[in-house]
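Residues per chain are reported as follows:
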Protein chains: 2
Amino acid sequence: MALRNRFTEKVRSFISEDEWLVARENYDPEENLAYESIFGLANGNMGNRAIFEEGGVRKTLPANYINGVFDKSEAFMRELANTPNWVELKMYYECNPIGIEDCKDIKDFITILDMKKGIVCKHYIVCSSDGRETLIERIKFLSRVNTNVGTHRTYFTPLNYSGLIEFENNVDGTITNFIDFPRFRVKHLNTLDINDMEGMGCYVESETRDFKLPIGTATAIQIRNDNEEDKCRSKRFSRFGEMATEFFDALCEEKETLIIDKYAAICTGRHFDNVYEACKKQLTLFVNNGFEKELKAHFNAYQQLWAAADVKITGDDELQKALRFNIFHLMSTPNPEDNGTNIGAKLIHGEEYGGHAFWDTELFTLPFFTWVFPNIAQKLVEYRYNLLDKAKENAIANGYKGAKYPWESADTGDEECPSWTIEPDGTCYRCYVADYEHHVTSAVAYGANRYFEVTNDEEFMATKGIKIILETARFWVSRCEYVEELDQYNIYKVTGPDEWHEPIDNNAYTNHLAKWNILKAVERIGHYEKNNHELYTHLCEELNLSKEEMSEWVNVANKINLKGTEGLIEQFDGYFDLEDVTISEWDENNMPIAPQRMREIPKQKTSILKQADVVMLMFLLENTFDMETQKINFEYYEKRTLHRSSLSPSIHCLMGLRVGDSKRAYDYLTRSAFVDIYNNQGNTREGLHAASAGGTWQCVVMGYCGMAIDSDGILHFKPKLPDNWGMVSFNIVWKGTPLHITVSKDDVVVKSQDSIPYRVNNEERKSASQICKDCIVKN
Amino acid sequence: MALRNRFTEKVRSFISEDEWLVARENYDPEENLAYESIFGLANGNMGNRAIFEEGGVRKTLPANYINGVFDKSEAFMRELANTPNWVELKMYYECNPIGIEDCKDIKDFITILDMKKGIVCKHYIVCSSDGRETLIERIKFLSRVNTNVGTHRTYFTPLNYSGLIEFENNVDGTITNFIDFPRFRVKHLNTLDINDMEGMGCYVESETRDFKLPIGTATAIQIRNDNEEDKCRSKRFSRFGEMATEFFDALCEEKETLIIDKYAAICTGRHFDNVYEACKKQLTLFVNNGFEKELKAHFNAYQQLWAAADVKITGDDELQKALRFNIFHLMSTPNPEDNGTNIGAKLIHGEEYGGHAFWDTELFTLPFFTWVFPNIAQKLVEYRYNLLDKAKENAIANGYKGAKYPWESADTGDEECPSWTIEPDGTCYRCYVADYEHHVTSAVAYGANRYFEVTNDEEFMATKGIKIILETARFWVSRCEYVEELDQYNIYKVTGPDEWHEPIDNNAYTNHLAKWNILKAVERIGHYEKNNHELYTHLCEELNLSKEEMSEWVNVANKINLKGTEGLIEQFDGYFDLEDVTISEWDENNMPIAPQRMREIPKQKTSILKQADVVMLMFLLENTFDMETQKINFEYYEKRTLHRSSLSPSIHCLMGLRVGDSKRAYDYLTRSAFVDIYNNQGNTREGLHAASAGGTWQCVVMGYCGMAIDSDGILHFKPKLPDNWGMVSFNIVWKGTPLHITVSKDDVVVKSQDSIPYRVNNEERKSASQICKDCIVKN
């Protein structure tokens, strides 16, 4: 039976076919927190976890995060501030709560995420201890059209009783971050006002405690039955401290269905001068439009998003669904209208990492947006540009020059990575990541450059990107230390991508990327010197950049200790002297099991890696290493990599494909693709793995479909589809031109909107890339 | 095994022998709310429900009520305001909460109320799903010595694991009244400030919303192990909106016991000018004294209370325990220092009836205090005197003269009985009680008069009591309407004790008590006219009372339509014309089952009574009716009384004994005695039945031991012990002299503190009362 047929006719009509649905078919409270992330909704502006609307649930972490709304207060770091919970709608019969945990039995339970339409639907019958059965169905969405509103509709049907049903509509301003982590719990908002919004419903006005950013949260309720009869019998507004509550009730006959629409508007000082008036306006408009009209517009918006972003794979339904799941959450998160926000490491679906942007953005998620939603990618790279001045301060404060981007970045560009961490068992340890993990700075330059290469956004590069690349290059030059006896520049005391060895000297990844960063700066500014001398002069002036400095840059770059470019490359100075431990056991998912030796000696004394490091380097700087070198290093390091970061498997998939290890590549793909949809790491409760989501897309498009830009800047495809896959099709925007790509085992078809398709077979790959180039020329 | 032996040695030593313990031996969450009342503690100043200190419990109604702290706000009535919850102390291991509902299994569960010592103790082992077992033991008390402080001690023992235990100490200002009754939920306090009390702990300052009465709630924590080693590893204060929280933790070895003392001080503007400073002072003193020293003083205080109040019954252990249970809660509730407060109908243990004083005080609970704790009784009668002016306003506002006391009385003396009631099914109905149930006014006079008769408190009578009696008499005179053709005064449109017939005319109870009230006023003022003319003149002046008015009073009183004094007395005009329905079925407890006919016609059209009415009248005005009349009326009305008020069974026990129906009397006694200890009416969750508690004491002392004052003011005893009872002994204070009474089937021994006992056998009852009289003369 199709999943949607398990819903009643009323709800069914809104739901897509099974291939678009992620379903939860049993209620186990232990799974609540993970499903709150998995079914979490986001609309570019805000994210809302999938709590049970009726409340009364023991395991739950209600959260409504808004992109860019950060606060520190007593927290370890500025973090996305949890804002008032607008979702709750309690239900009672004779004072007895009715809900998923306020019952004796649950029947016919199913909840689904409809990825095609961006809605979450629920259906279950709760049976009370006195024999009453109530069918509850729900549809929830955050409007993708008007990103300041969210809503849910409840279909409430007493199956075997009649009577007065009471409702309690709450907007809860008591909310905190880290509700169930006592050590980290912080309340980031002050509640300024609670009122009934001139009779409309419930309104809570809050502000962030540090920056006094105002946040308005308003809700209104409508209740009727199938016959459009208004069923609201009485409505009474109450305030309970920081909680705004509206009580209302309805007489309901047995088998009659009450339809309760809860509308919410959430407006912040980031976008509105007067958040109260903004909420009132947005809520009024929303209520007047009504649930179904907004839903239709929301469906259309998702239709357009999917028209751009869907990747169709035939022959692998499970992976197809997981891929869509990753794309769904990825494209739902960032704000296409706002270059003051970025993408958190857990998207906007959970509290881990405080919503901070890491290098994950530039190397894992930005590629997806760069290729699929260049308008969003633009905002993400502009975010880094907006914080360039702060990165410059950051460099100076640390004794360097140029711009040093923070390991964790929120709204101010300050380093948000805490210096101390507390484990659940109470162990405190000094966290050196912010001190040593400097490679994020080259990742920012890499992301900006790749954005330009793909989009050809000359405006961005000329006014913003070039400054990022120049200032980060300047940082790296200052970061290098000259060793006279070797006539070499070394980079001491860093943490590379593999965080289990720190601080170390001359991390191959860091040094290679530093060189790349410096030389890319020289190349880009050289291009302007030749082609746009006015801009060149302007930039040199603005950045106080001299010919002498640039020539010094080239000198430094060419003398950076690279740890080699051929053969087996040592990850850092002394890595080969560590006790060599290799992986000898794999779990049922073919993922490595930590060798016994790791429990005997400190892990930094072994050769075991947390995540791809040299392999990551080779993925990024493909043209620097010959294929044999890539293969040697992949094979060597793969045996020593435990993938304890979700950034690692996708890179190993991509590199495995490149060097010809397609069996392991597919294992890594599934590891990356399924991490959240199946909560494979057990930490999905804390949010979704953004890097896995972006990495999974890269695996399919750049790995299996082999999309790449060669050293001449030519787009080409080298497909390596697994045997069971029939065809993969997807869209990209190449230098401003939308292209539809269809990849099969035999050929690659590239189609631009207004041109006939170019078909090439696998033997004519070079010509395929020429055709792509032609597309651009043509358009 | 003695119950205390189920605790570890550490706790066991504090616990009394079984006869003093009420135990809960299984954990069923459905019973939580009733046990929160049953194990609720009070210390004269405040009452605190017995929640589980570690929180995380689904069914719970945390409450800390303070005598005299009322607020209305949006509530139906001014009600005891729930004040910040100071009890909570959450516990975690690696972020996993540890507690009664945060576990997979519970072992060795037992919680007890130790009535002798005024403490609640808990013992249980919680087993987590990952196999950790933790023994939790607790002792909690509200100090009877310093009535602004309360405390609990936790003995925390990880039985099979070691590690860091985290604690979260909360003072929760988000608290509301009627948390689980959506329609009635009100937050009565504004939170003014949250701070760490200069590093001491958690402090919440609130105020009542209407009168801005300040309330400070402060807590401090101490944590150590058995070896007196301070175990507190870190302490961090946080505020979460209206919640003050202190996090701290301790490393704990397997089988090591952490002892966590939580001290609380609660001070209000009723007793302190600066509640912050008061809390700081009280808390500092308390912490310096320490848990055990305060506990010892508290034990001593309860020892003294029991020395005055214990009633020992041999041969009936179950009733003995229930009687003590009623006495325990009764004597714990009112404030001996404060004549601005009274006793709520549910004591101070629950939220029903808002902590309001009804006629229940004067006729059910005041007798106990009058005879046992005259100092407390004095405060209770002074409470009525303090509200006399408001009662006079109340009379005038209703078109009458004199003083009309409100049916429900809080702190202001305004009528707090709501005019509308909402049932759980949403039915609203007009409640006429405040409009018609006027007999509370004569009950107030009756209580004041009886207080004087027993205590001989001339000062009270001369300055306060007399004014109550005069002004209430004046009310009744104005309440009567003259019917010329009958030369009779009628009282129209009243509700008598039986609230199922209203409004009715000439309720025998109301009219008789009105007459009694008027004539008592005349008698008392006449006494002063003769013996204290100065006072007499002063009173006449102050009350604007003339000879003419008083002579009119006598005229009216003698012509009140009494509905007879002999034979079967009609409850009110037309009662005998109602459809006569009698009770024909009784339940397993020998309590009447509502006749079928009551479901067919409105109950006011039948002769069935809610509760004792004519029978109540005869109980109070014993000397007005001959025994035959009392017997006839008891037998008639008993067949028609459903006892749907907890005020009814004790009166039927007392009257049954008087007219010779001892079998039914005992059924009524158990009905009254066990109502809360066994939650027999299913509503103990809402508080304890004050009237049953006081009525039960009266049944034993006035009923079975036959204590009474005869028409000559002589104290006498006519014991009627049941066959299974051996002896009953108790204390009273008769006209200022403490007497110890021992009643057996053969004789009554009356002993004053410094005199030899007087022994009389049953045949010499008259002389027994003479002896009692002699006692007084002698002392």
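Bear in mind the structure is a predicted one, so any value in this text is a computation, not a measurement.

Cut-off values and rules
Residues numbered from 1 in each chain as written. Chains lettered and ligands numbered in written order. Predicted model: local features only at pLDDT ≥ 70, side-chain atom pairs only at ≥ 80, totals over all residues. Helix = DSSP H or I, 4+ residues; strand = E, 2+ residues; numbered from the N terminus. Rg over C-alpha atoms; globule rule 2.2 N^0.38 Å. Contact = placed C-beta atoms within 7 Å. Buried ≥ 20, exposed ≤ 12 C-beta atoms within 10 Å, placed from the backbone. Nonpolar A, V, L, I, M, F, W, Y, C, P; charged D, E, K, R; others polar. Least-squares fit on C-alpha atoms with pLDDT ≥ 70 in both. Pairing = 2+ DSSP bridges. Core = buried A, V, L, I, M, F, W, Y, C linked by C-beta atoms within 7 Å. Domains from an automatic or database assignment. Expected span 1.5 Å × (residues − 1). Axes fitted to C-alpha atoms, helices over the stretch in contact; angles between N-to-C directions. pLDDT = per-residue confidence, 0-100. Parallel < 35°, antiparallel > 145°, perpendicular 65-115°, else oblique. Left-handed = near helix turned anticlockwise from the far one by under 90°.

(A) Representation of the overall build of chain A in the model. When helices and strands are counted, chain A shows 20 helices and 31 strands. The globule rule puts the C-alpha radius of gyration for 779 residues at 28 Å, and the 27 Å found for chain A is close to it. Considered along the principal axes of its C-alpha atoms, chain A spans approximately 90 × 60 × 55 Å. Sequence separation of at least 24 residues holds for 66% of the intrachain contacts in chain A that already meet a minimum separation of 6.

(B) Main features of the environment of Lys117(B). All names here are of chain B. Tracing the backbone through its elements, the reader meets Lys117 in the loop between strand 9 (105–114) and strand 10 (119–127). A count of 24 C-beta atoms within 10 Å places Lys117 in the buried class. Taking the C-alpha atoms as reference points, Lys117 and Ala673, 556 residues apart in sequence, are found 21 Å from one another.

(C) Quick look at the interface of chain A and chain B. Each partner contributes to the interface: chain A provides 26 residues, whereas chain B provides 26 residues. At the level of elements, strand 13 (163–172), strand 17 (234–240) and strand 18 (243–252) of chain A are the ones that each hand at least two residues to the side of chain A that touches chain B. Ranked by residues supplied to the side of chain A that touches chain B, first place goes to strand 13 of chain A with four residues. Looking at the side of chain A that touches chain B residue by residue, the class counts come to eight nonpolar, seven polar and 11 charged.

(D) The arrangement of the relation of the copies chain A and chain B in detail. Of the transformation superimposing chain A on chain B, the axial component is 0.0 Å and the angular component is 180°, with the fit at an RMSD of 0.1 Å. Both copies of the chain, as the preceding transformation shows, are related through a two-fold rotation axis.

(E) Local environment of the pairing of strand 30 (residues 747–752) of chain A. All names here are of chain A. Two elements, strand 29 (residues 737–744) and strand 30, share five bridges in a ladder whose sense is antiparallel. Bridging across to strand 30, Leu739 finds its partner in Ser752. Here strand 29 folds back onto strand 30 in antiparallel fashion, the turn holding two residues.

(F) Representation of the sheet that holds strand 17 of chain A. Judged by pairing direction, the sheet is antiparallel, and its five strands sit side by side in the order 8-7-13-18-17 (chain A) without closing on themselves. Only two strands of the sheet have a single neighbouring strand rather than two, namely strand 8 (96–97) and strand 17 of chain A.

(G) Main features of the sheet that holds strand 4 (residues 64–66) of chain B. Residues and elements named next belong to chain B. Pairing within the open sheet is antiparallel, and its three strands lie in the order 2-3-4. Because the sheet does not close on itself, it has two edges, and the strands there are strand 2 (41–42) and strand 4. Judged from the three bridges that link them, strand 3 (residues 46–48) and strand 4 form a sheet pairing that is antiparallel. In the strand pairing of strand 4, Met46 is matched with Ile66.

(H) Layout of the nonpolar core. One finds Ala265(B), Leu283(B), Ile518(B), Val615(B), Val700(B), Cys705(B) and Val728(B) to be the most contacted residues of the largest nonpolar core, which totals 225 residues. In this structure Val700(B) touches Val311(B), Leu323(B), Cys705(B) and Val728(B), once residues within four positions along its chain are discounted. Core analysis: the next-biggest nonpolar cluster, separate from the first, contains 224 residues, Leu113(A), Val494(A), Ile677(A) and Ala691(A) among them.

(I) Layout of the domain arrangement of chain A. Residue and element names in this part refer to chain A. Each assigned domain of chain A is listed with its residue range as follows: domain 1 (3–308) and domain 2 (338–695). Once you take the C-alpha centre of each, domain 1 and domain 2 turn out to be 38 Å apart. Contact with domain 1, which involves 23 residues of that partner, is made by 27 residues of domain 2. Put simply, the parts of the chain that give the side of domain 1 that touches domain 2 at least two residues each are helix 2 (32–38) and strand 6 (79–80). It is helix 2 that provides the largest number of residues to the side of domain 1 that touches domain 2, a total of four residues. Considering only residue class, the side of domain 1 that touches domain 2 consists of 13 nonpolar, six polar and four charged.

(J) Inspection of unusual backbone geometry at higher detail. Along the chain, Glu502(A) connects to Pro503(A) via a cis peptide bond; the corresponding omega equals -15°. Relative to the helices and strands, Pro503(A) is located in the loop between strand 25 (488–490) and helix 12 (508–531). Positive phi, normally seen in glycine, also occurs at Leu347(A), with a value near 50°. Positionally, Leu347(A) belongs in strand 21 (residues 345–348). Even without being a glycine, Met197(B) presents a positive backbone phi close to 45°. Checked against the element boundaries, Met197(B) lands in the loop between strand 14 (189–195) and strand 15 (202–208).

(K) Examining helix 5 (residues 317–332) of chain B more closely. Its 16 residues give helix 5 of chain B an end-to-end C-alpha distance of 22 Å, which sits within 8% of 22 Å, the value for a rise of 1.5 Å per residue. Counted residue by residue, helix 5 of chain B has 14 buried out of 16 residues, so it is predominantly covered.

(L) How the structure looks around the environment of Ile100(B). Residues and elements named next belong to chain B. Mapped onto the fold, Ile100 is located in the loop between strand 8 (96–97) and strand 9. Look at Ile100 and you get buried, because 21 C-beta atoms sit within 10 Å. In this structure the C-alpha to C-alpha distance between Ile100 and Leu387, which are 287 residues apart in sequence, comes to 45 Å. Discounting chain neighbours no more than four positions away, the residues touching Ile100 are Tyr27, Phe52, Glu54, Val57, Ile106, Tyr124 and Val126.

(M) Region of interest: the packing of helix 6 (residues 359–372) of chain B against helix 7 (residues 374–386) of chain B. All names here are of chain B. Their axes nearest at 7 Å, the elements helix 6 and helix 7 cross at an angle of 145°. Between helix 6 and helix 7, the contacting residues are Thr361, Leu366, Phe369 and Thr370 on the first element and Pro374, Ile376, Ala377 and Leu380 on the second. Among the residues forming the contact of helix 6 with helix 7, the class breakdown is six nonpolar, two polar and no charged.

(N) Spatial organisation of the confidence of the model for chain A. All names here are of chain A. Model confidence for chain A is summarised by a mean pLDDT of 94, while 97% of its residues fall at 70 or above. Confidence over residues 761–779 falls short of pLDDT 50; this stretch has 35 contacts with residues more than four positions distant or in other chains. The ipTM value of the predicted complex is 0.88, and its pTM value is 0.92.

(O) View of the packing of helix 7 of chain B against helix 11 (residues 458–479) of chain B. Residues and elements named next belong to chain B. For the pair helix 7 and helix 11, interaxial distance at closest approach is 9 Å and the crossing angle is 50°. With respect to helix 11, the axis of helix 7 lies oblique. The chirality of how helix 7 crosses helix 11 is left-handed. Across from Gln378, Val381, Glu382, Arg384 and Tyr385 in helix 7, the residues of helix 11 making contact are Phe460, Lys464, Gly465, Lys467 and Ile468.

(P) Region of interest: the pairing of strand 17 of chain A. Residues and elements named next belong to chain A. Both strand 17 and strand 18 contribute to a ladder of seven bridges, which runs antiparallel. If you follow Ser238 over to strand 18, its bridge partner there is Thr245. Hairpin remark: strand 17 followed by strand 18, antiparallel, with two residues in the connecting loop; positive phi at Gly241, about 65°.

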